[in-house]
Amino acid sequence: RVRFPRASSFGRVAGIRASDLSTLARIMSAASSVRGAPVARVPATRSRLRSSSASRVARRRFAAPVAAASSDDADVVIIGSGVGGLTAAALLAHYGKKVIVLESHYATGGAAHGFQRKTDAGEFRFDTGPSFFAGLTTINALNPLAALLELLGEPLETVKYDPLGTFHVEKGKPGLRRHADLSLLVDEVRRFSPEGAEQLRAAVPRIREMYGALSGLPTPALRADWKVALMVVSRYMKSMSKLGPYAPVLPNPTVGLLDFLKIEDPWMRRLADLECYLLSGVDASGTVAAEFAAVFGASDDLKQSEFPKGGAEAITDALARAVSKNGGEIRLKTHVEQVIVEDGAAVGVRLKGGETVRAPVVVSNASVWDTYGKLLPPGAVSQKEKEDAMGTPYSESFMHLHLGIDASGLDLSSVGGHHVVVRDETKPIDVPGNVCMISIASVWEPDMAPEGHHCIHAYTMEPFEGWERGEGYEARKKERAEKLYEALERVIPDVRERVVLEMIGSPLTHQHWMRRHKGTYGAAIRAPDMFPGPATGIKGLYRVGDSCAPGVGLPAAASSGVIAANTLVGISEHFKLMDDVDAIAKKAGRFVER
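Residues numbered from 1 in each chain as written. Predicted model: local features only at pLDDT ≥ 70, side-chain atom pairs only at ≥ 80, totals over all residues. Heavy atoms only, no water.

A separate point is the overall build of the chain. Helix and strand counts for the chain stand at 18 helices and 19 strands. For the chain, the proportion of its 594 residues judged to be buried stands at 62%. Across the chain, every contact between residues at least 6 apart in sequence was considered, and the portion connecting residues at least 24 apart equals 74%. Accessible surface computed for the chain: about 21700 Å², of which carbon and sulfur atoms make up 51%. (Helix = DSSP H or I, 4+ residues; strand = E, 2+ residues; numbered from the N terminus. Buried < 20%, exposed > 50% of the residue type's maximum accessible area, 1.4 Å probe, protein only. Contact = heavy atoms within 4.5 Å. Areas by Shrake-Rupley, 256 points an atom, 1.4 Å probe, with all protein chains shown as cover.)

Written out as structure tokens, the structure reads:
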């Protein structure tokens, strides 16, 4: 069994100095640790490694089953088509593996899928989950999708903008414009805390230095077996050695990094809590410092945020096309009842109707709780492994408010489309309902709303416990959505009078459509504890998704898919992939010398 529990022990695995490999904080931020059974290698097939100039297929929605493979047997069967599952599937198909993706829903995407509603005013289109995006088209260390989609011949079209949003952190004051460029952010912070601004200004050079070192080990270079040491030693040792000064802080909670950077101002510490909460669902005392440093640094490096043309589903559509054109198959409305385990190894899955799909490798994009609690047959893993998995801490669920509004006389061009509202600055950040996120996607993608209208998605954390359908359910939804309307009124004071379409989602709604344990946002594993990585105690069974890697957003889910796919191929294929990724980075002028 291979296990990388701490940066220091990883150094011992590779047989090199732990100080040189303390950048495991970067590996932690994506792959975390490996635990469980020995790696099951995917059977060798003809490689389809291609250059970034691979031919593109017509862009189309995957709203109906796609039949490309001629048999139910595959090299890999993937349960679920969220960002993690589709990323793994697309990369494995690119590697030349025969992949079948099985999705219960009528569309791909998981939390990143979209939906439409028709009204007398016209059709509104909504995103269900992710709303803040960066690094989708520019090669960077934080988000592997820019490099991967270019490699797959499916680059995205995006709208670039700055600031990424407005943080309404104090009542009665204009919101903080959250600029990507840290130098501009310093000026914004000065309006709220001159001392905090000076401390941030002094910390900027070190943040940039940390990010520069973190950038030396790109996510596509990672894998979750001992061979990651071969990759690191052969290509990235010089880059990783630059992280030596930060070794004590990066694998640990962000509060230690703030101390290290001498950010002591209470206002700045609270802003850091808010940033961490948005990243991982926990505050700075529980968010791993490497994740915080990578996001802050990447934001500064990229200087702008992005919104995909067509909304979040454009991302998963691109990944789905990549699966299909490389010979993979995506089956929609296909519910997996159970993983088939024989002699301690996963050998396929059993569908709801009794049909089986057999493969020597099964990858679950279901959450850790749903994988262990619903998909595995009794006795498939040890009682301890199951208890550990089911005991993984989880974040609360959500209240959602999807609105179509009349935009007559409303100019949001200067206000922007993203807002974070702290309803009561005297209360802790993680009190359910205190922090509300608002995304007005039609600011960047007008086609998502009828002419003269906007589409809005507002959401906030809400405990799952106590929710049940029946008498009083609709009334309770309206009552609990009131906080979202209050937050929206900080941005659009007369929003209630403008509503032409209202849809309220509860934790039960989130659980039903996302098929997630208690409708959870994701794993809430607090640093310095580490995320479990893709391997399980069953040979041939792997996991991807946001309960495998720190952070509950798109980069974490995509990274988990990349790492799982790399783990399932030989190191020579992986090296070839990195040659292609490096060529893409060099062409874009984004290659990090090492």
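Each aromatic ring pair is described using two quantities: the centre-to-centre distance and the angle formed by the ring planes. Taken as a whole and assessed by the stated rule, the structure comprises 12 aromatic pairs. Where W467 meets Y473, the ring centres are 5.9 Å apart and the plane angle is 85 degrees; that geometry is what we call edge-to-face. Like Y473, W467 is buried. When the ring centre of W467 is taken as reference, the NZ or CZ atom of R476 above it lies at 4.1 Å. Above the face of the F591 ring, K586 is positioned so that its terminal group lies 4.8 Å from the ring centre. (Phe/Tyr/Trp six-rings, centres within 6.5 Å; stacked < 30°, edge-to-face > 60°. Lys NZ or Arg CZ within 6 Å of the ring centre and 35° of its normal.)

So, about empty space enclosed by the protein. Overall, the coordinates contain 8 cavities of 30 Å³ or more when judged by the stated rule. Volume-wise, the second largest cavity comes out at about 60 Å³. When contributions to the lining of the second largest cavity are tallied by element, the ones reaching two or more residues are β4 (122–127) and β17 (453–462). Partitioning the lining of the second largest cavity into residue classes produces 5 nonpolar, 3 polar and 2 charged. (1 Å grid on protein atoms, 1.4 Å probe; cavity = no way out; pocket = protein on both sides within 12 Å on 5 of 7 lines; lining within 4 Å. Points joined across faces, edges and corners; volume = space filled by probe spheres on them. Nonpolar A, V, L, I, M, F, W, Y, C, P; charged D, E, K, R; others polar.)

Right, let's talk about the pairing of strand β10 (residues 336–342) for a bit. Across 6 bridges, the pairing between β10 and strand β11 (residues 345–351) is antiparallel. Bridged to V336 within β11 is L351. In this structure, the hairpin formed by β10 and β11 is closed by a connection of 2 residues, where D343 is found at a positive phi of approximately 55 degrees. (Pairing = 2+ DSSP bridges.)

If you check helix α18 (residues 571–587), its first and last C-alpha atoms are 24 Å apart, about what 17 residues at 1.5 Å a residue would give, namely 24 Å. Those residues of α18 that sit buried are I571, E573, H574, L577, M578, D580, V581, D582, I584 and A585. Elements that come into contact with the buried residues of α18 comprise α3 (83–94), α4 (145–151), α7 (228–241) and α17 (554–567). Looking one or two places after α18, you find G589, whose phi comes out positive at around 70 degrees. (Expected span 1.5 Å × (residues − 1).)

To continue, consider the layout of surface pockets. Looking at the second largest pocket, its volume works out to about 370 Å³. Taken together, 16 residues form the lining of the second largest pocket, with F115, R117, H402, T509 and W513 sitting closest to its centre. Secondary-structure elements contributing two or more residues to the lining of the second largest pocket are β3 (114–119), β14 (397–406), β18 (499–505) and α16 (507–514). Ranked by residue count, the leading element in the lining of the second largest pocket is α16, at 4 residues. Here the lining of the second largest pocket is composed, by residue class, of 6 nonpolar, 8 polar and 2 charged.

The strands making up a sheet are joined through hydrogen bonds of the backbone, oriented either antiparallel or parallel. Pairing within the open sheet is mixed, and its 7 strands lie in the order β7-β6-β15-β16-β17-β14-β18. Both outer strands of the open sheet, β7 (176–177) and β18, are each paired with one neighbouring strand and no more. One ladder, built from 3 bridges, connects strand β6 (residues 166–168) with strand β15 (residues 418–422); its direction is parallel. The partner of F167 across the bridge, within β15, is V420. Across the sheet, helix α14 (residues 473–489) is in contact with β14, β15, β16 (435–439), β17 and β18; its angle to β14 comes to roughly 65 degrees. (Axes fitted to C-alpha atoms, helices over the stretch in contact; angles between N-to-C directions.)

Before going further, it helps to examine the side chain of S559. Tracing the chain through its elements places S559 in helix α17. A polar contact of 2.7 Å, which involves the side chain of S559, links it to the backbone oxygen of P555. (Polar contact = N/O pair within 3.5 Å; in protein donor to acceptor, adjacent residues only side chain to side chain.)

To continue, consider the environment of T371. Along the chain, the position of T371 falls in helix α12 (residues 368–375). When the C-alpha atoms of T371 and H517 are compared, they prove to be 9.7 Å apart, with 146 residues separating the residues in sequence. For T371, the residues in contact, after removing those within four places along its chain, are S364, A366, L376 and R543.

Turning next to the sheet that holds strand β12 (residues 356–358). Across the sheet, 3 strands lie side by side as β10-β11-β12; this open sheet has antiparallel pairing. The open sheet has two edge strands, β10 and β12, and neither has a second partner. Taken pair by pair, the neighbouring strands of this sheet meet at an average axis angle of 30 degrees, ignoring direction.

Next up on the list: the nonpolar core. Core analysis: the biggest nonpolar cluster contains 75 residues, and I78, L145, L148, L319 and V363 have the highest contact counts within it. Setting aside its immediate chain neighbours within four residues, I78 contacts G85, A88, A89, V99, I100, V101, L102 and V363. Core analysis: the second largest hydrophobic core is formed by 54 residues, F167, L200, L258 and W267 among them. (Core = buried A, V, L, I, M, F, W, Y, C linked by side-chain atoms within 4.5 Å.)

Before going further, it helps to spend a moment on the pattern of salt bridges. Should the charged atoms of two oppositely charged side chains come close, the side chains can pair. Counted according to the given criterion, the structure contains 38 salt bridges. Here E154 ties to K325 by a salt bridge, and the two come within 3.4 Å at their closest N and O atoms. Remark: K325 occurs in helix α11 (residues 313–325) and E154 occurs in the loop between α4 and β5 (158–161); sequence separation between them is 171 residues. A relative accessible area of 0% means that E154 is categorised as buried. Ionic pairing is found between D300 and K303, a salt bridge with its closest N-O pair at 3.3 Å. The exposure class assigned to K303 is partly exposed, which follows from its relative accessible area of 35%. Ionic contacts of the salt-bridge type, sharing partners, join the residues D181, R208, D300 and K303 into one network. (Salt bridge = Lys/Arg side-chain N within 4 Å of Asp/Glu carboxyl O.)

This brings us to the packing of helix α9 (residues 266–280) against helix α10 (residues 289–302). Taken N-terminus to C-terminus, the directions of α9 and α10 make an angle of 100 degrees; their axes are 11 Å apart at the nearest point. It follows that α9 is roughly perpendicular to α10 by the angle criterion. Residues A272, E275, C276, L279 and S280 of α9 pack against E291, F292, V295 and F296 of α10. Along the lines of polarity and charge, the residues of the contact of α9 with α10 split into 6 nonpolar, 1 polar and 2 charged. (Parallel < 35°, antiparallel > 145°, perpendicular 65-115°, else oblique.)

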